Amino acid sequence: MKKFICSVCGYIYDEAAGIPDRGIEPGTKWEELPPDWVCPLCGAPKSAFREKKEEGAKAVSQEPAGKSGEGGGEELRELSFGELSAVCSNLAKGCEKQYLAEEMELFLQLAGYFKAKAAPADRENTGELLAMVSKDLETEYPQAESAAEESGDRGARRALVWSGKVTRMLEVLLERYENEQGAFLEHTKVFVCDICGFIYIGDEAPAICPVCKVPSLKIMEVQRR
């Protein structure tokens, strides 16, 4: 029998074992699971799972990922106010984790300034956002991972693992929103991990973050506007 692994949190569904405490009997094949079945840990749908290959069977790409500057990458461009706000907000979060209170406050002020100048977000433009997220997963992350591996930067590799999983979950959520629209978020809550950015849709936050493993006290509910 086969095993399938969640690309977001690493949970493994074993056909031989099933999930008896959730009503899935041992021997239940992957294709026999309901179409709306989701990962018991992170809530990712079946589309986020991949068949788990035996050790040693991992395919190796014959063509190395491109390096920065090769192949005519994107031209430098001016960041929008919204992008500048996001950058400053992330820098503030980094300062908080390093106990740099003064620097954190200054970056938060900059984030607020740029946010106030930003144009309202286009709520209907989820298709373009989904395309950008998919491009990151298909090309940008492999290139960044290759560079981190080549330089031996363990910190960058760890950050890429976390952010890659979070981005895969974001792709899944955007796809669901594209299909279900407003009904997707009715009668449920949205939670975000304050450490790694993992997004969870459900009635209650998970006991621990499926990505970075911090406890639920670090998983904050996003207040609706």
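Report on the accompanying structure.

1. A closer look at the sheet that holds strand S4 (residues 189-193)
Here's step 1: Overall, antiparallel pairing links the 3 strands, which are arranged S5-S4-S6 in an open sheet. Among the strands making up the open sheet, the edge pair consists of strand S5 (199-202) and strand S6 (219-221). The mean angle between the axes of side-by-side strands here comes to 30°, regardless of whether they run parallel or antiparallel.

2. Looking at the environment of Lys213
Here's step 1: Position of Lys213 among the secondary structure elements: in the loop between S5 and S6.
Here's step 2: Remark: the alpha-carbon pair of Lys213 and Cys9, spanning 204 residues in sequence, is separated by 9.7 Å.
Here's step 3: Other than its neighbours up to four places away in sequence, Lys213 contacts Cys9 and Ile208.
Here's step 4: Separated by 2.9 Å, the side chain of Lys213 and the backbone oxygen of Pro210 make a polar contact.

3. Let's talk about the side chain of Ser7
Here's step 1: Examined against the element boundaries, Ser7 turns out to sit in the loop between strand S1 (3-6) and strand S2 (12-14).
Here's step 2: Polar side-chain contacts of Ser7 include one of 2.7 Å to the backbone oxygen of Ala48.
Here's step 3: Residue contacts for Ser7: discarding those within four places in its chain leaves Ala48, Lys165 and Arg168.

4. Examining the pairing of S1
Here's step 1: Alternating residues of S1 divide into Phe4 and Cys6, all buried, and Lys3 and Ile5, none buried.
Here's step 2: Here S1 pairs with S2 via 3 bridges, running antiparallel. Within S2, the residue paired with Lys3 across the bridge is Asp14.
Here's step 3: Pairing of S1 with strand S3 (residues 49-51), which is carried by 3 bridges, proceeds in the antiparallel orientation.

Conventions adopted
Residues numbered from 1 in each chain as written. Predicted model: local features only at pLDDT ≥ 70, side-chain atom pairs only at ≥ 80, totals over all residues. Heavy atoms only, no water. Pairing = 2+ DSSP bridges. Helix = DSSP H or I, 4+ residues; strand = E, 2+ residues; numbered from the N terminus. Axes fitted to C-alpha atoms, helices over the stretch in contact; angles between N-to-C directions. Contact = heavy atoms within 4.5 Å. Polar contact = N/O pair within 3.5 Å; in protein donor to acceptor, adjacent residues only side chain to side chain. Buried < 20%, exposed > 50% of the residue type's maximum accessible area, 1.4 Å probe, protein only.

None of the figures reported here should be taken as evidence of function without further support.
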